[in-house]
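Reading the structure
Each chain, letter by letter, is given below.
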Amino acid sequence: MAKQKRFVKVCSCTPKGSIQTMDSRVLNLLVEEYEATIGRESNPRKMAQRALELGDACVAAGCPMKAIKVWREAARRLETMDYRWVAEPINPSFVRFDDLVSAKEAVTLGRRIDKVWRLLGHPEMAVWARRMKHAYEEMWMDKYYMALP
C-alpha cells in the first residue's frame, strides 16, 4: 500500500477570490513581508494602498487587531511622509497643496480602522477617520497660516 501524502491547509478562499481562513503562521509571514515592502516604499499613495490590501487580508483571515495595527502604522507613516510638503515651497499657480499630500488615502485608512473597531464592538475607539482629517487640516494650516487675511 502506498503512503498517502498529507497536506496542511494554509488558506481557503471563496469562489470570488476572498480569503475565508488562513493559517496564523502564514499570515504572520505575509504581514512581515508586506510591512518590509511598505516601509521601503517612497510613494505615500502606493504605501497606503499596500497597507489597505494587507489589512483587508488580515481581517478576512480573522485577525482584525493585526489589521488595525497595520493600518495605524501606515497612517502614521503617511502623515509623516506628507508633512515634508509643509516646509517645501510650491507654486500655487501650478499645483495645489491638496494634490501633493495623501489626505484621501489617510482618511480611507482611518475609515477602515473605525469600521473594524465598530465590528469588534468598540465604537468609542472609532475616531481615526476624524483624527486623520484633522491632521491634514492642521497640515494645511501649518503651510498657509501666515497667508490668511
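Quick summary incoming for the structure in this document.

**Quick word on the nonpolar core**
Ranked by internal contacts, the top residues of the largest apolar core, which has 35 residues, are Trp 71, Leu 78, Phe 97, Leu 109 and Tyr 136. Going through the elements one at a time, α1 (24-40), α2 (44-60), α3 (64-82), α4 (84-87), α5 (97-100), α6 (103-119) and α7 (128-144) are the ones with two or more residues in this core. In this view, Tyr 136 contacts Leu 78, Glu 79, Asp 82, Val 101, Ser 102, Ala 103 and Ala 106; residues no more than four positions away in its chain are not counted.

**A word on empty space enclosed by the protein**
Summed over the entire model, instances satisfying the criterion amount to one cavity of 30 Å³ or more. Roughly 60 Å³ of internal volume is contained in the largest cavity. In this structure, the largest cavity is lined by Glu 35, Ile 38, Ala 51, Val 70, Glu 73, Ala 74 and Arg 77. Of all the elements in the fold, those that place two or more residues in the lining of the largest cavity are α1 and α3. If one sorts the elements of the lining of the largest cavity by residue count, α3 sits on top with four residues. Looking at the lining of the largest cavity residue by residue, the classes come out as four nonpolar, no polar and three charged.

**Overview of the packing of α3 against α6**
When two helices pack together, you describe them by how their axes are tilted relative to each other and by the distance separating the axes. Axis separation between α3 and α6 bottoms out at 9 Å; the angle between their running directions is 155°. As summarised for this structure, α3 and α6 are arranged roughly antiparallel, according to the angle between their axes. The way α3 lies across α6 gives a crossing that is left-handed. In this structure, α3 uses Pro 64, Met 65, Ile 68, Trp 71, Arg 72, Ala 74, Ala 75 and Leu 78 to contact α6, whose residues at the interface are Glu 105, Ala 106, Leu 109, Arg 112, Ile 113, Val 116 and Trp 117. In the contact of α3 with α6, the residues fall into twelve nonpolar, no polar and three charged.

**Considering a nonpolar patch on the surface**
A surface patch of nonpolar side chains, about 470 Å² in accessible area, is lined by Trp 140, Tyr 145, Met 146 and Leu 148. Following the sequence through the fold, Leu 148 ends up in the segment after α7. In this structure Leu 148 comes out as partly exposed when scored by relative accessible area, which is 38%.

**Description of the pattern of salt bridges**
As enumerated under the stated definition, the model contains six salt bridges in all. Its salt-bridge partner being Arg 112, residue Asp 56 comes within 3.0 Å of it at the nearest N-O pair. Of this pair, Asp 56 sits in helix α2 while Arg 112 is found in helix α6, placing the two residues 56 residues apart along the sequence. Ionic pairing is found between Asp 98 and Arg 96, a salt bridge with its closest N-O pair at 3.0 Å. Using a relative accessible area of 49% as the deciding quantity, one classes Arg 96 as partly exposed.

**Here's the deal with the packing of aromatic side chains**
Counted according to the given criterion, the structure contains two aromatic pairs. Taken together, a centroid distance of 6.0 Å and an interplanar angle of 90° make the contact between Phe 97 and Tyr 144 edge-to-face. Residue Phe 97 is located in helix α5, and its partner Tyr 144 is located in helix α7; the two are separated by 47 residues in the primary sequence. The buried category is assigned to Phe 97, whose relative accessible area is 3%.

About the thresholds
- Residues numbered from 1 in each chain as written.
- Predicted model: local features only at pLDDT ≥ 70, side-chain atom pairs only at ≥ 80, totals over all residues.
- Heavy atoms only, no water.
- Core = buried A, V, L, I, M, F, W, Y, C linked by side-chain atoms within 4.5 Å.
- Buried < 20%, exposed > 50% of the residue type's maximum accessible area, 1.4 Å probe, protein only.
- Helix = DSSP H or I, 4+ residues; strand = E, 2+ residues; numbered from the N terminus.
- Contact = heavy atoms within 4.5 Å.
- 1 Å grid on protein atoms, 1.4 Å probe; cavity = no way out; pocket = protein on both sides within 12 Å on 5 of 7 lines; lining within 4 Å.
- Points joined across faces, edges and corners; volume = space filled by probe spheres on them.
- Nonpolar A, V, L, I, M, F, W, Y, C, P; charged D, E, K, R; others polar.
- Axes fitted to C-alpha atoms, helices over the stretch in contact; angles between N-to-C directions.
- Parallel < 35°, antiparallel > 145°, perpendicular 65-115°, else oblique.
- Left-handed = near helix turned anticlockwise from the far one by under 90°.
- Patch = residues over 30% accessible without salt bridge, like charges linked within 9 Å, V, L, I, M, F, W, Y side chains within 5 Å.
- Areas by Shrake-Rupley, 256 points an atom, 1.4 Å probe, with all protein chains shown as cover.
- Salt bridge = Lys/Arg side-chain N within 4 Å of Asp/Glu carboxyl O.
- Phe/Tyr/Trp six-rings, centres within 6.5 Å; stacked < 30°, edge-to-face > 60°.

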